[in-house]
Amino acid sequence: MPFTEINSKMIQATLAPGGRVFSQRGAMLAYRGDVSFTPNMQGGQGGVMSMIGRRVANEATPLMSVEGSGTVLFGHGGHHIQIINLTGDTLYVEADRLLAFEGTLQQGTMFMGSQGGVMGMVRGQVTGQGLFTTTLKGHGSVAVMAHGGVFEVPITPQRPVHVDPQAYVAHHGDVRNKLSAALGWREMVGRGSGEAFQLELSGTGAVYVQASEEKL
């Protein structure tokens, strides 16, 4: 595992020849060794289609491809960082919360409406979060950012989880998402997200929730 937690706001990536890490631009704090940083316009291993999805979602800033032999310290904006280890499953994460991930992971883009139907589209329009969510699949580590810390909530077939969309960070597993209105449409006027909307996650897996509703 190349990522090691230094403290709640900083991680260290260990690089060896032939290995690669992708990071958000501007996330490098310091490094030691023979390490190179190159803008990656292809969007990781997801290729051109992944990058098209990011551009449609107004995420045109390229990732940085980090290679070589040494160690790199990553952090961004003083945000809390959570390391998530994937063992073959898929992680769904808001692109602006993605700090860094191993090059062994396959990156893609999912249109939220494909899981949430019309309400999935409403989620993007009303809550201010993107219609597109980044997907990372395979075996490797991912570092995500959040406000005030992250809590992992298990999702089981018997117990779906309801999350404030603004507190949502990421989820993994065999999970379906659906946005529902907790209040009537008249009551929601001018409220934005908060308790007016709830993101229901059902199936088997886990969702990562941040301690604050503040946007990154």
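Residues numbered from 1 in each chain as written. Predicted model: local features only at pLDDT ≥ 70, side-chain atom pairs only at ≥ 80, totals over all residues. Heavy atoms only, no water.

Visitor: When you look at the overall build of the protein chain in this model, what are you seeing that I'm missing?
Guide: Per the secondary structure count, the protein chain includes three helices and 13 strands. The 216 residues of the protein chain split such that 50% are buried. Considering only contacts in the protein chain between residues 6 or more positions apart, those separated by 24 or more positions represent 79%. As displayed, the protein chain has an accessible area near 10000 Å², and 53% of this comes from carbon and sulfur atoms. (Helix = DSSP H or I, 4+ residues; strand = E, 2+ residues; numbered from the N terminus. Buried < 20%, exposed > 50% of the residue type's maximum accessible area, 1.4 Å probe, protein only. Contact = heavy atoms within 4.5 Å. Areas by Shrake-Rupley, 256 points an atom, 1.4 Å probe, with all protein chains shown as cover.)

Visitor: In this structure, what is going on with the nonpolar core? I would like to understand it.
Guide: Nonpolar side chains in soluble globular proteins tend to be buried together. If you look at the biggest cluster of nonpolar residues, it comprises 17 residues, and the most contacted ones within it are Leu-86, Leu-91, Phe-101, Leu-136, Val-142 and Tyr-208. In this structure, Leu-91 is in contact with Ile-84, Leu-86, Thr-134, Thr-135, Leu-136, Val-142, Ala-170, His-171, His-172 and Tyr-208, ignoring residues within four places of it in sequence. Residues Val-21, Val-66, Phe-74 and Met-145 belong to the second largest nonpolar core, which totals 15 residues. (Core = buried A, V, L, I, M, F, W, Y, C linked by side-chain atoms within 4.5 Å.)

Visitor: Please explain the pairing of strand S2 (residues 10-15) as it appears in this structure.
Guide: Each regular strand shows side chains that alternate between the opposite faces of the sheet. For strand S1 (residues 3-7) and S2, the ladder comprises four bridges, and the chain directions are antiparallel. If you follow Phe-3 over to S2, its bridge partner there is Ala-13. Linking two consecutive strands that pair antiparallel, namely S1 and S2, is a turn of two residues. As judged from the five bridges shared by S2 and strand S5 (residues 63-74), these two strands associate in the antiparallel manner. Directly across from Ala-13, in S5, lies its bridge partner Val-72. (Pairing = 2+ DSSP bridges.)

Visitor: Before we go on, may I ask you to explain the confidence of the model for the protein chain in this structure?
Guide: Interpreting fine coordinate detail is not advised for predicted regions of low pLDDT. When the pLDDT values of the protein chain are averaged, the result is 79; 70% of them are 70 or greater. Least confident of the elements in the protein chain is helix H1 (residues 47-56), whose mean pLDDT is 44; most confident is S2, at 96. Residue range residues 185-189 is modelled with pLDDT below 50. Its contacts to residues more than four positions away, or to other chains, number six contacts. (pLDDT = per-residue confidence, 0-100.)

Visitor: Looking at this structure, I do not really get the environment of Thr-133. What am I missing?
Guide: Of note, Thr-133 is situated in strand S9 (residues 132-146). Residues Thr-133 and Ala-95, 38 residues apart in the sequence, show an inter-C-alpha distance of 6.3 Å.

Visitor: Mind showing me how you'd approach the environment of Ile-84 here?
Guide: Looking at the element boundaries, Ile-84 is found in strand S6 (residues 80-93). When the C-alpha positions of Ile-84 and Tyr-208 are compared, they lie 9.7 Å apart, and in sequence the two are 124 residues distant.

Visitor: Just to check I follow, could you spell out the environment of Ala-16 for this structure?
Guide: The topology assignment puts Ala-16 in the loop between S2 and strand S3 (20-23). As a C-alpha pair, Ala-16 and Gly-68 span 52 residues in sequence and 6.1 Å in three-dimensional space.

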